[in-house]
Every structure is written in structure tokens, then in C-alpha cells.
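# Structure at a glance
Chain residues, written in single-letter form:
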Amino acid sequence: MDLAYMATLPQQEFIERRNKVFEQMQDDSVFIVFSEIEKRRSNDCAYPFRQDSYFWYLTGFNEPNSVLILRKKSGKQESIIFVRPSDPLRETWDGRRLGVTNAPTKLSLDHAFSIDDFSAEFPKILENTNAIYHLPTLHPWGDELLTQSAVDFSQALCWKEMLDEMRLFKSENEIALMQQAGQISALAHIRAMQKTRPNRLEYEIEHEILHEFSRFGARNPSYNSIIAGGENACILHYTENDMPLKEGELVLIDAGCEFAMYAGDITRTFPVNGKFSQAQRDIYEIVLNAQKRAIELLVPGNSIQQANEEVVRIKVEGLVKLGILQGDIEELIETEAYRQFYMHGLGHWLGLDVHDVGSYSKDEHNNNRNSKVRDRPLEVGMVLTVEPGLYISEKANVPAQYKGIGVRIEDNLLITEYGNKNLTSAVPKEIDDIEKLMANK
Ligand code: GLY
Ligand code: MN
Ligand code: MN
């Protein structure tokens, strides 16, 4: 089992994270985090398993049907895990299990039990405690298990804000993994540029990308890849990826690998035939200028919102110059007339999840990714994406040459004491550099 290859963090890091949770727990309380379970794809076949990010964050354990319990009683801290028990028959059919005996040493925890004994053991763990930390509804199987164990969690304290805030700030070790995720994702985009030509199918390029991920230790993408030729780029989460790429059109590729559970998230947009037309250049240059300005602004003390205000101004000025928008710049900004061409946010936190957790607002209780309030000042150790775009639908009332052009350019930034570090700069985004790369296939 130890030969299985997966990069990860040192054990010590998981121990330190659990200690941080212990520090924040009330005395005489129990903290409970459920793993993910297998999800059925069809009949008796499952989707590839992906561990729950919170459970992974605190355990580094990659099996389903597990529960981590932290108990703080009279000042004493104990860590307990419930896991699937060893079972030679099931392991012959479905794969190896760590098992109860190996779990404490392997995971640096105090005790382990079989998940089959949860209902019998958990009430004993709860004895003489008076608070439960839990995140209801995240895992219905966990809520069911608690209910079956006659545990009332209606008054549970929610741990979401506590763990989200911890996850938002990346450690040195996490940053090293995220640099790898960014680098590998960049290599895959370079290969996509080299392998794209008219009449190849979008999903052929998708698989060039997935193969490049796996050559460097990233078996999975961190989200479903978007390979959007022509007008498909105007569908923000287009993942059908089943159409031929056409001569004369752009292709927008939004793809990132998951390396050691950490996400990369890159978008590049480039011409299928390797040469930008004038209309494609016009739109592309607006987005590129906006993205470069945003990167200058995404530094400690500034907020995503501040950077986005500049992005909006650059886009509106550009669109007016091209005759796509008409009217007074200030008024077009004020009335959000640009929203038909730029309908998403400038960026999001990045980490174990591609849309990672953490509050975007100075008001710590606003944890909604879709909220417009993104006024939280950036701090060293945060990682986020910067991804302005412009999407001109075929149906838009604009000069004919711009119809059906969708452009997004997305990089991943680590906020540092010097400003920021672009983790995905290895993949070209200047027009000349893209054209040169594509000419040298
Ligand atoms: N890949 C999804 C996003 O860029 O947010
Ligand atoms: Mn993306
Ligand atoms: Mn993104």
C-alpha cells in the first residue's frame, strides 16, 4: 500500500491543523467531520472517489465512510477516527482498506473504531460533554448516522467559519503543492495550444490536457474542463466539449489539474488556426489589459472589489471604442450596461476546492461566493484566481464582426508580502507569444 503514489503534506501539518481546532473548541465538547462516500454513476459502478475537502484537511485520509471526532474534555484532547474495517473479501473485490488497527499510527490519531460500531461508540464519546460542532446537511449520510445513533444535533455549533478561515490561509507546504498544481496546469495549456487545429474535436483537446496532467503526477482535473470553440465560449460552464473546432474561430479552454488535492484553474483563449483575426484581437486585448491591471492591484490591503472596479472601467472604455457599447462611460458603469458581456466575478479563492472556502467580505458572516460584496482586504498567504472575460453572444446587437466571440484569461495568484506571485505565468497570454507557440507545433 505504501507504494501507491500520491504527493501529500507531512503528517505534522495535519496534526497542527487539528491542534488549531482544539484550541478554538469549548471545553467539554465534541467536533465531528464526515468523509465523502462513493457516488453511484450507473448500476453498480461508482464515480471516481474524491475525498471531502474538510475531512482531508484534518486527516489526510482518502477513504470513504469515515468520521473524524475531536473531543476536548476537562482540558484533555483526544482524536478519534471511525473507518471501514478490514474485510478480506471486500478488499479482494473493491480495494485495500487501512483498517482499524493501522489507523491510529498511520494517521497520528489517538483511537480508531469500525464505522460499523458508530451507533454503539459515539454516544459513549459524547458522555459528559455539552456541545457538538457539526456542519449539518453537508453529508446526508452523516446526519442519518447521527440520527440513528439517537444524537440530537439540532443545537450543534457550526464549524464552517472556523475551518474556512483556516483553509483560506495557505501554509508553506500548501503553497509548494499549489505551485505544482499551477505549473502542471500551465504545461497542459501549452500542450493544448500546440495540439489544436481545425476539425479536431473539443474533447480530443480535453484529453491532451488530461494526459499532460497525469504525466506530472496529477491524475484528475480539479473541475470538469471547458473546451469551448467559437460561440460555445459564451456559455460560461460549457462542458459538453463534443463539437469540432472550426477554422477562423477562437477556442476558450478553462482547465486545471488537481495536484495532491490542490486545484489549479487556468483559462486561455486562442485562435484554432493559430492566428488572431482583427476582431478577435480587439476583444482579446481589452480582456488582457484588464487582467494585467487587475494583477497589479491584487496585493495586500486591496480587495477583489477594488480590482474589479478598474477591470470594469477598462472593459467599458474598450467596448465603447469598438462601438459595442454606446453612451457615457460613467453612466454605462453606473447602470451596469456591461453585464450582458461580463456577467461573472473577477476571481475566487483557490485551494483544496477550485471555488475554495473563505469569506469574501469584511463582514465575516457573508460567506456567499455569489455575493457581490468582495471588499475583504487581501492578506499574505491567500490564493485566488484573476479571470476577467468578455462574451459577445451571436444574438447581441453589436457590429457583426464581434458576434460569437468569447474571451477569458485566468491566472492563479498567491498574495505575498511583495504583492503577488503568479503561479500560472508559464502559459503564454500575449498575442505574439501565443501565435509563436502555435506556429512551432
Ligand atoms: N473553472 C471555473 C472557474 O474558473 O471558476
Ligand atoms: Mn477557470
Ligand atoms: Mn476560476
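Thresholds, definitions, all that
Residues numbered from 1 in each chain as written. Chains lettered and ligands numbered in written order. Predicted model: local features only at pLDDT ≥ 70, side-chain atom pairs only at ≥ 80, totals over all residues. Heavy atoms only, no water. Buried < 20%, exposed > 50% of the residue type's maximum accessible area, 1.4 Å probe, protein only. Helix = DSSP H or I, 4+ residues; strand = E, 2+ residues; numbered from the N terminus. Arc of directions from axis to C-beta. Contact = heavy atoms within 4.5 Å. Polar contact = N/O pair within 3.5 Å; in protein donor to acceptor, adjacent residues only side chain to side chain. Donors = N, O, S within 2.8 Å, 3.2 Å for Na, K, Ca; no water. Tetrahedral: all angles 85-135°; square planar, octahedral: opposite > 155°, others 65-115°. Near = heavy atom within 4 Å. Areas by Shrake-Rupley, 256 points an atom, 1.4 Å probe, with all protein chains shown as cover. Nonpolar A, V, L, I, M, F, W, Y, C, P; charged D, E, K, R; others polar. UniProt positions renumbered as here; feature names shortened; annotations may be inferred. Pairing = 2+ DSSP bridges. Axes fitted to C-alpha atoms, helices over the stretch in contact; angles between N-to-C directions.

For helix 13 (residues 431-439), the set of buried residues is Ile431, Ile434, Glu435, Leu437 and Met438. Along the axis of helix 13, the buried residues cluster in a sector spanning 165°; they form a single face. Among the exposed residues of helix 13, those pointing more than 90 degrees away from its buried face are Asp432, Lys436 and Ala439. Contacts from the buried residues of helix 13 go to helix 8 (172-195), strand 13 (266-271) and helix 10 (278-297).

Further remarks concern the side chain of His134. Take His134: it is sitting in the loop between strand 7 (131-133) and helix 6 (140-148). The buried category is assigned to His134, whose relative accessible area is 2%. A distance of 2.8 Å separates polar atoms of two side chains, one belonging to His134 and the other to Asp143. For His134, the residues in contact, after removing those within four places along its chain, are Ile32, Phe34, Asp143, Leu146, Phe153, Ala156, Leu157, Cys158 and Trp159.

Right, let's talk about the environment of Leu437 for a bit. Secondary-structure assignment places Leu437 in helix 13. C-alpha of Leu437 to C-alpha of Ile190: the two residues are 247 residues apart in sequence and 8.1 Å apart in space. Every residue in contact with Leu437, bar those within four places of it in the chain, is listed here: Ile190, Met193, Gln194 and Pro428.

Turning next to the coordination of the manganese ion (ligand 2). For a metal bound by four donors in a tetrahedral arrangement, the ideal donor-metal-donor angle is 109.5 degrees, while six donors in an octahedral arrangement ideally sit at 90 or 180 degrees. Taken together, the protein ligands of the manganese ion (ligand 2) are Asp254 (OD), Asp254 (OD), Asp265 (OD) and Glu410 (OE), with distances of 2.0 to 2.4 Å. Given 6 donor atoms and angles of 57 to 169° at the metal, the environment of the manganese ion (ligand 2) is assigned as irregular. All donor residues of the manganese ion (ligand 2) come from one chain, and their arrangement in sequence is D-x10-D-x144-E. A separation of 3.2 Å is found between the manganese ion (ligand 2) and the manganese ion (ligand 3), which are bridged by Asp265. Of the two residues, Asp254 is situated in strand 10 (residues 250-255) and Glu410 in the loop between strand 16 (405-408) and strand 17 (411-416); the sequence distance between them amounts to 156 residues. In this structure, Asp254 and Glu410 share a single accessibility class: buried.

Let us now look at the site of ligand 1. Around ligand 1, the neighbouring residues are Tyr223, Asp254, Asp265, His348, His355, Glu387 and Glu410. Within the contact set of ligand 1, an oxygen atom lies 3.0 Å away from a side-chain nitrogen or oxygen of His348. The side chain of His355 places a nitrogen or oxygen atom 2.7 Å from an oxygen atom of ligand 1. Summarising the interface, the protein chains cover 91% of the accessible area of ligand 1, which totals 190 Å² for the free molecule. Across the shell around ligand 1, the residue classes tally to 1 nonpolar, 2 polar and 4 charged.

Attention now goes to the UniProt feature "domain: Aminopeptidase P N-terminal" (unreviewed entry) in the protein chain. Mapped onto this structure's residue numbering, the UniProt feature "domain: Aminopeptidase P N-terminal" (unreviewed entry) falls at residues 9-143. Annotated as residues 9-143, this span is 37% helix and 24% strand, and its ends, taken at the C-alpha atoms, are 29 Å apart.

If you trace the 5 strands from one edge of the open sheet to the other, you get 6-5-4-1-7, paired in mixed fashion. The outermost strands of the open sheet, each flanked by one partner alone, are strand 6 (111-114) and strand 7. Going across the sheet, the axis of each strand differs from the next one's by a mean of 20°, ignoring polarity. With 3 bridges connecting them, strand 1 (residues 29-34) and strand 7 associate as parallel partners. Bridge assignment links Val30 to a residue of strand 7, and that residue is Ile132. In the packing of helix 5 (residues 118-126) onto the sheet, contacts are made with strand 1, strand 4 (67-73), strand 5 (76-83), strand 6 and strand 7, and the angle to strand 4 comes to roughly 20°.

Let us now look at the coordination of the manganese ion (ligand 3). Taken together, Asp265 (OD), His348 (NE2), Glu387 (OE) and Glu410 (OE) make up the full set of protein donors to the manganese ion (ligand 3), lying 2.0 to 2.2 Å away. Every donor counted, the 6 donor atoms about the manganese ion (ligand 3) form angles of 51 to 154° at the centre, which fits irregular coordination.

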